[in-house]
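Residue-level listing of the chains:
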Amino acid sequence: MKQRLKVLLVEDNAGDARLIQESLAEASDQSFDLEIADTLRTGLQRLHLGGIDAMLLDLALPDSFGMETFVRAKAQALGVAIIVLTGLADDSLALKLVQGGAQDFVAKVDVSGNNLTRAILYAVERERLEHEFRKLNLELEQRVKDRTAELEVTNRDLEAFSFSVSHDLRAPLIKLIGFADLLEAKCSAQLDPNGAKYLAKIHEAAFKMSHLIDDMLRLAKVGRQGLHKKEVSLRSLVDEVLAELGTEIEKRKIDWRITALPAIDCDRGLMKQVLANLISNAVKYTGTREKGLIEIGQMTIEGQTVFFVRDNGVGFDMKLASRLFAPFQRLHQDHEFEGTGIGLATVQRIIEKHRGRIWAESESGRGSTFFFTINAESAPLVANKEDGAVLV
């Protein structure tokens, strides 16, 4: 048997109340327990006791009239489906009532066993579903609050970590470098070749650690800082990067091929970091070539603008590409090319902050091409695809 539903009828007209009572009694597929209140005050008192599944509410009562009746009832009828009964078929009023939270609107002239039964059953089910939705919404809001609180704690921990890295680790490192310098200045004449070699290794390791600390702080900062976007000329950023590389590229034979680059909406400082890393990597990994070739430009793939930095350097095996943007992962040994393995991880985070993507194509001994998009669509871009690599 179906569960009996408790229905509260708030109606002051005895004839209408009796008609509704008889209509519900005629219902063949659902049983109702009907209680009747002839004033809103009495009805609200009964609601307060609980156990009511649905309320049939007349708007014209001795102690309340019209929308005020519904508003007062709705405030007390938490979790109770309200079906408004009225002597008028007023569509505009019905719309206001439903927008205000009523589950249904029934004109008394349309009251019959089947109509009223259906209205009550549908109203109770809709109220149940809305209650579940509200419950899930509250749970989601609480999860968001909890997650936000966790992220705030994590951010504070990251800030403390950055402070520790910046001060607690750098301070002894500075002393290490300082005493190594003093040892070299005051005692170099007393050192044999092995001693001088060991001292040089100390200097090399200390400066590498200093660079590592700088890169770690830069990576942590990128994760926390917001974007300050404005229209920026990519060509001007490239020129700045080349100027800052200065003597490093003046000593080299490099054929620079830079095509026209547009202005884009981006964070200027962060985008300069992207270009500085990609261009300096191209310079570094073409160091074994008699003449380097570095191209910087743009192309259109599937309707999207894609920027690239291409070189004719040593390249890498595409089987190792999954490690390319992971922090502290390097595809070349320190004795081949210096680095900390954090630069490309920082670049990826910056690109992702700009709602873009970065990927690479390479072949060992035949150079590399790094591609990136800014404010791009989420669909993957493919130019000429071969063995999983993006080719241009």
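None of the values given here were measured: they were computed from a predicted structure.

1. Considerations on the overall build of the protein chain
So, step 1. Along the protein chain, the regular secondary structure elements total 10 helices and 16 strands.
So, step 2. Split into buried and exposed, the 392 residues of the protein chain put 39% on the buried side.
So, step 3. Partitioning the contacts of the protein chain with sequence separation of at least 6, the portion at a separation of at least 24 is 68%.

2. Remarks on the side chain of S368
So, step 1. By the secondary structure assignment, S368 is in strand β14 (residues 368-372).
So, step 2. Taking the relative accessible area as the measure of exposure, S368 reaches 7% and is therefore buried.
So, step 3. At a separation of 2.9 Å, a polar atom in the side chain of S368 contacts the side chain of S362.
So, step 4. Non-local contacts of S368, meaning those with residues more than four positions away in its chain, are made with V309, R310, D311, G315, F316, E361 and S362.

3. Points about the sheet that holds strand β1 (residues 5-10)
So, step 1. Ordered by their spatial adjacency, 5 strands build an open sheet running β2-β1-β3-β6-β7, and the pairing between neighbours is parallel. Two strands bound the open sheet, and with one partner strand each, they are β2 (32-37) and β7 (104-107). With direction set aside, neighbouring strand axes in the sheet form an average angle of 20°.
So, step 2. Sheet topology note: the β1/strand β3 (residues 54-58) ladder contains 4 bridges and is parallel. The residue bridging L8 from the neighbouring strand is M55, located in β3.

4. Observations regarding unusual backbone geometry
So, step 1. With a phi angle near 50°, E302 is a residue other than glycine that sits in the positive phi range.
So, step 2. Relative to the helices and strands, E302 resides in the loop between β11 (292-301) and β12 (304-311).
So, step 3. Although it is not a glycine, R355 adopts a positive phi angle of roughly 55°.
So, step 4. Inspection of the secondary structure puts R355 in the loop between α10 (343-353) and β13 (358-362).
So, step 5. Here R355 falls in the exposed class, since its relative accessible area comes to 55%.

5. What about the sheet that holds β12?
So, step 1. As summarised here, the arrangement of the 5 strands in space is β9-β11-β12-β14-β13, forming an open sheet in which the pairing is mixed. Edge strands, defined here as strands with exactly one partner in the open sheet, are β9 (254-258) and β13. The average angle at which neighbouring strand axes cross in this sheet is 20°, direction not considered.
So, step 2. Pairing of β9 with β11, which is carried by 5 bridges, proceeds in the parallel orientation. Looking at the pairing, I258 lines up with I296 of β11.
So, step 3. Seen against the sheet, helix α7 (residues 234-245) touches β9, β11 and β12 and runs at an angle of roughly 165° to β9.
So, step 4. Each of β9, β11, β12, β13 and β14 touches helix α9 (residues 268-285); the most contacted strand, β14, lies at about 170° to it.

6. Some words on helix α1 (residues 14-25)
So, step 1. For α1, which comprises 12 residues, the first-to-last C-alpha distance of 16 Å matches the rise-based estimate of 16 Å (1.5 Å per residue) to within 8%.
So, step 2. Those residues of α1 that sit buried are A17, I20, S23 and L24. Viewed along the axis of α1, the buried residues span an arc of 125°, placing them on a single side of the element. Exposed and oriented more than 90 degrees from the buried face of α1 are A14 and A25.
So, step 3. The N-cap of α1, judged by a side-chain oxygen 2.9 Å from the amide nitrogen of G15 a few residues on, is N13.

Calculation notes
Residues numbered from 1 in each chain as written. Predicted model: local features only at pLDDT ≥ 70, side-chain atom pairs only at ≥ 80, totals over all residues. Heavy atoms only, no water. Helix = DSSP H or I, 4+ residues; strand = E, 2+ residues; numbered from the N terminus. Buried < 20%, exposed > 50% of the residue type's maximum accessible area, 1.4 Å probe, protein only. Contact = heavy atoms within 4.5 Å. Polar contact = N/O pair within 3.5 Å; in protein donor to acceptor, adjacent residues only side chain to side chain. Pairing = 2+ DSSP bridges. Axes fitted to C-alpha atoms, helices over the stretch in contact; angles between N-to-C directions. Expected span 1.5 Å × (residues − 1). Arc of directions from axis to C-beta.

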